[in-house]
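Topology and contacts: notes
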Amino acid sequence: VILTLIFLAVLLWFISPQLGKTLVKLDMSSQLSKAKLQEKSVTLDNGRKAWYLERMNKQDTDEKPLVVVPGLSAYMRLMGVQFADLLKLIPNRRVIIFELPYHGKRASMNESFVDPGCSLDAMTASLERFLTKIGLTDSFDLMGYSLGGAIATNYAIKNPRNINRLVLLAPYYYNEATTEAYNAIFESKKWSSLAAWNGREEMERWFHDWLGMEKEDTLPSFIMSGLAALRSELYPENHWNKFYEQLNADCTTTKTLLEDNKANLRSISSPVLVLTATKDKICDHEKLADLKNIFNPDLCTIINLEAGHCFAPKGKTLFELAAPDTAKFLNS
């Protein structure tokens, strides 16, 4: 009996990540299908392929398209699932979720991380090429989460006439609006403590210590194992360590993005919504409150949500909490 139990325990330990990974992928595909998000790709003018998710707008609507820029390590399919609540509240809109360079299907086994690089300008240029390629250069709504918030801000600085409304969800302005605790880890290059985690244990620490998942809300063991296994399937070994190394090398010129562009940011004539997370360990919501006076104060709205950088109490997420305010802002 003891040997049988040991055998079953070993068997469960072995199949748990694979079972969890399969279930996570099936659930993700199901949710994307319900949201009517289709996976597409285009070849950019530099010869590189860009991937994205798209939900076409319903006929006879004059609502602006919504472009979503994900955060660091959050690939497009994950963002599509996270934004499901928002999509239900804006049912008529065309929605485009951009895959960042080096993320998801844009990850490569032999990536050098120098072309286009990980600087804010390089990421923004990639977004610009993509939008031009799909013919979206007229006025549209732009939403960025975390690092995507900084990219969206940089895009708005460079292309203010293209922006109808700008939504920034827990935007990541390294050095200017990140927490001191995060800055210390980043500057010490402890990438495995951040999004360069490797394996389930480091992933759980990342979820709890930085993304705001409360201990009582931890997902079932086989799902956590499945998430870690899916990550290993998507990216080659040390992918995220190399990404962070290049990000660190490239971020010098963008440590003062807000300060260097005060005049441009103040002159943006589009309404801006900034959603901050009061329990955020990465982006300091008190520092982000300064955006009220960096953008035109008459056009900028700040809303504080009781959440961490990704997760919220009672098993909810930042994205769930942000959905009603975001939809109200986009539809106003």
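Everything here concerns the structure above.
Scope of this entry: the structure provided in the associated data block. (Residues numbered from 1 in each chain as written. Predicted model: local features only at pLDDT ≥ 70, side-chain atom pairs only at ≥ 80, totals over all residues. Heavy atoms only, no water.)

On to empty space enclosed by the protein. One pass over the full model with this rule turns up one cavity of 30 Å³ or more. For the largest cavity, the calculated volume is near 170 Å³. In this structure, the largest cavity is lined by 15 residues; those nearest its centre are Leu120, Leu147, Tyr172, Tyr174 and Thr254. Mapped by element, the contributors of at least two residues to the lining of the largest cavity are helix 4 (120-133), helix 5 (147-158) and helix 9 (239-250). (1 Å grid on protein atoms, 1.4 Å probe; cavity = no way out; pocket = protein on both sides within 12 Å on 5 of 7 lines; lining within 4 Å. Points joined across faces, edges and corners; volume = space filled by probe spheres on them. Helix = DSSP H or I, 4+ residues; strand = E, 2+ residues; numbered from the N terminus.)

Glancing now at the packing of aromatic side chains. Enumeration over the complete set of coordinates arrives at 21 aromatic pairs. Considering the side-chain rings of tyrosine 102 and phenylalanine 113, the 4.9 Å spacing of their centres and the 35° angle between planes classify their relative orientation as tilted. Of this pair, tyrosine 102 sits in the loop between strand 4 (95-98) and helix 4 while phenylalanine 113 is found in the loop between strand 4 and helix 4, placing the two residues eleven residues apart along the sequence. Phenylalanine 113 matches tyrosine 102 in its accessibility class, with the two residues each being buried. Relative to phenylalanine 243, the ring of tyrosine 102 has its centre 6.1 Å away and its plane inclined at 70°; by these criteria the two rings are edge-to-face. A residue pair is termed long-range when its members are at least 10 positions apart, and tyrosine 102 in the loop between strand 4 and helix 4 and phenylalanine 243 in helix 9 qualify at 141 residues. On the accessibility criterion, tyrosine 102 (2% relative accessible area) is buried. The side chain of lysine 105 reaches across the aromatic face of tryptophan 51, ending 4.4 Å from its centre. (Phe/Tyr/Trp six-rings, centres within 6.5 Å; stacked < 30°, edge-to-face > 60°. Buried < 20%, exposed > 50% of the residue type's maximum accessible area, 1.4 Å probe, protein only. Lys NZ or Arg CZ within 6 Å of the ring centre and 35° of its normal.)

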